[in-house]
Amino acid sequence: GIQFLGCSFVNNVPVEAELNYFPSTRGGGIYSVNSSFTVDKLTPTSPDACKFKFLYRGIEAYGFNTNKTFTVNEALFDSLCKTIYLNGIDNVTITSNDITLYDSYVFLPDMAYGLYLDYCTGYKVEENIIRKGYVSHSGAVPLHYGIVVRNSYDDNNFIYNNRIVDMRTGVFALGDNRGPGNAGLQIKCNEFLECSFDIVVSPDESSAPGTCGIASNQGYGTHQDAPAGNRFGKDIPPNANSDYNYY
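Definitions and limits used
- Residues numbered from 1 in each chain as written.
- Predicted model: local features only at pLDDT ≥ 70, side-chain atom pairs only at ≥ 80, totals over all residues.
- Heavy atoms only, no water.
- Phe/Tyr/Trp six-rings, centres within 6.5 Å; stacked < 30°, edge-to-face > 60°.
- Helix = DSSP H or I, 4+ residues; strand = E, 2+ residues; numbered from the N terminus.
- Buried < 20%, exposed > 50% of the residue type's maximum accessible area, 1.4 Å probe, protein only.
- Salt bridge = Lys/Arg side-chain N within 4 Å of Asp/Glu carboxyl O.
- Pairing = 2+ DSSP bridges.
- Contact = heavy atoms within 4.5 Å.
- Polar contact = N/O pair within 3.5 Å; in protein donor to acceptor, adjacent residues only side chain to side chain.
- Axes fitted to C-alpha atoms, helices over the stretch in contact; angles between N-to-C directions.
- Core = buried A, V, L, I, M, F, W, Y, C linked by side-chain atoms within 4.5 Å.

An account of the packing of aromatic side chains is requested, with residue identities and associated values reported.
According to the stated counting rule, one finds 13 aromatic pairs in the structure shown. Judged by centre distance (6.2 Å) and plane angle (80 degrees), the rings of phenylalanine 4 and phenylalanine 37 are edge-to-face. Taken together, the residues span a long stretch of sequence, with phenylalanine 4 in strand 1 (residues 2-5) and phenylalanine 37 in strand 4 (residues 37-40) at a distance of 33 residues. When sorted by exposure, phenylalanine 4 lands in the same class as phenylalanine 37, which is buried. Taken together, a centroid distance of 5.3 Å and an interplanar angle of 65 degrees make the contact between tyrosine 113 and tyrosine 116 edge-to-face.

Structure, rendered in structure tokens:
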């Protein structure tokens, strides 16, 4: 596939000049349909990472009945709205990226996210840092999501060892992400700091009754009492009269 090694995708137009425009006018970096590609450093030991800056979208990729896939590794995403969106692409690798979402009600009037995996499976999503930038503004701040997983269905998939900071929702599991028995999506060894909601599991508009959710056991192996190793940023005082399930 195509290789993007040490490349820069930057919109240098000052953000203030765009205030009266629909935010998609900031443009995007990579748009792909049924293609394989790699985004990585110039060489494995090079400091020259790929950079995406001040864009509405970083990477947008679609797959239709294809075995094509892609890798994004050690890239820098600075001041974006929708950082990486993939639809219908399996076996994607998204690892060790540094993602900062732009914080402005003008630039982002709708949902902003780090990663959005839509109808995908077999993915490797590990060791990414996703945070929100800070900008002075006078309006309401939009919804920021770290990682969204929608309808990955029955397979054993993992969101593993990511650091998610200052999001409305850290990981949003939407729709059908579980299979029979203990199969399905597992959210493990992630760190959440200053998120309003660390993990949310919710149906979507297409979910059949009883199908939404994630793997029933999130811990080590199949033992229901083993911890999943996630680190949460909120303190919940103990209550002798209540039971809590921690993952």
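With reference to specific residues and values, describe the pattern of salt bridges.
Counted by the stated rule, this structure contains nine salt bridges. One salt bridge in this structure joins arginine 150 and aspartate 204, with 3.0 Å as the shortest N-O distance. Pair noted here: arginine 150 is in strand 13 (residues 144-150) and aspartate 204 is in the segment after strand 19 (197-202), with a separation of 54 residues, a long-range link. No difference in accessibility class separates arginine 150 from aspartate 204, as the two residues are buried. Between glutamate 205 and arginine 150 there is a salt bridge, and its shortest N-O distance comes to 3.0 Å. Of this pair, glutamate 205 sits in the segment after strand 19 while arginine 150 sits in strand 13, and the two are 55 residues apart along the sequence. The class of glutamate 205 is exposed, set by a relative accessible area of 70%. In the salt-bridge network here, residues are joined through shared partners; they are Asp118, Arg150, Asp204 and Glu205.

Help me get a handle on the pairing of strand 4, residues and values and all.
Alignment of strand 1 against strand 4, held across four bridges, turns out to be parallel. Across the sheet, the residue bridging to leucine 5 is aspartate 40, located in strand 4. By the bridge criterion, three bridges tie strand 4 to strand 6 (residues 70-73) in an arrangement that is parallel. Following the sheet pairing, valine 39 is matched in strand 6 by valine 72.

I'd like a rundown of unusual backbone geometry, residues and numbers included.
Most peptide bonds take the trans configuration, and most residues that are not glycine carry a negative phi. Even without a glycine there, the phi angle at asparagine 34 is positive, about 50 degrees. Assignment of secondary structure puts asparagine 34 in the loop between strand 3 (28-33) and strand 4. Residue asparagine 34 is classed as partly exposed on the basis of its relative accessible area of 31%. One non-glycine residue, cysteine 189, lies in the positive phi region at around 60 degrees. Mapped onto the fold, cysteine 189 is located in the loop between strand 17 (185-188) and strand 18 (191-193).

Explain the environment of valine 148 to me, and be specific about the residues and the numbers.
Here valine 148 lies in strand 13. You can call valine 148 buried: its relative accessible area is 0%. Excluding residues that lie within four positions of it along the chain, valine 148 makes contacts with Met111, Leu115, Tyr116, Leu117 and Phe172.

Break down the environment of serine 35 for me, citing the residues and quoting the values.
Following the sequence through the fold, serine 35 ends up in the loop between strand 3 and strand 4. A relative accessible area of 28% places serine 35 in the partly exposed class. Along the backbone, serine 35 and lysine 68 are 33 residues apart, and their C-alpha atoms lie at a distance of 5.6 Å. The residues contacting serine 35, other than those within four sequence positions of it, are Lys68 and Thr69.

Pulling in residues and values, what's your account of the side chain of asparagine 151?
Relative to the helices and strands, asparagine 151 resides in the loop between strand 13 and strand 14 (157-160). Residue class for asparagine 151 comes out buried when judged on its relative accessible area of 3%. Here the side chain of asparagine 151 touches aspartate 204 through a polar contact of 3.1 Å, side chain to side chain.

Residue-level account of the sheet that holds strand 6, with values.
If you walk across this open sheet you meet the seven strands as 1-4-6-8-11-14-17, and the pairing is parallel. At either margin of the open sheet sits one strand with a lone partner, and together these are strand 1 and strand 17. Going across the sheet, the axis of each strand differs from the next one's by a mean of 10 degrees, ignoring polarity.

Pulling in residues and values, what's your account of the nonpolar core?
Ranked by internal contacts, the top residues of the largest apolar core, which has 43 residues, are Val39, Phe52, Ile59, Phe77, Leu115, Leu117 and Ile147. Once you skip the residues sitting within four places of it in the chain, valine 39 turns out to touch Phe4, Ile30, Cys50, Phe52, Ile59, Thr71, Val72, Asn73 and Ala75. One finds Tyr85, Tyr145, Phe172 and Leu174 within the second-largest nonpolar core, a separate group that totals eight residues.

Such coordinate-based values are descriptive only and should not be taken to indicate function.
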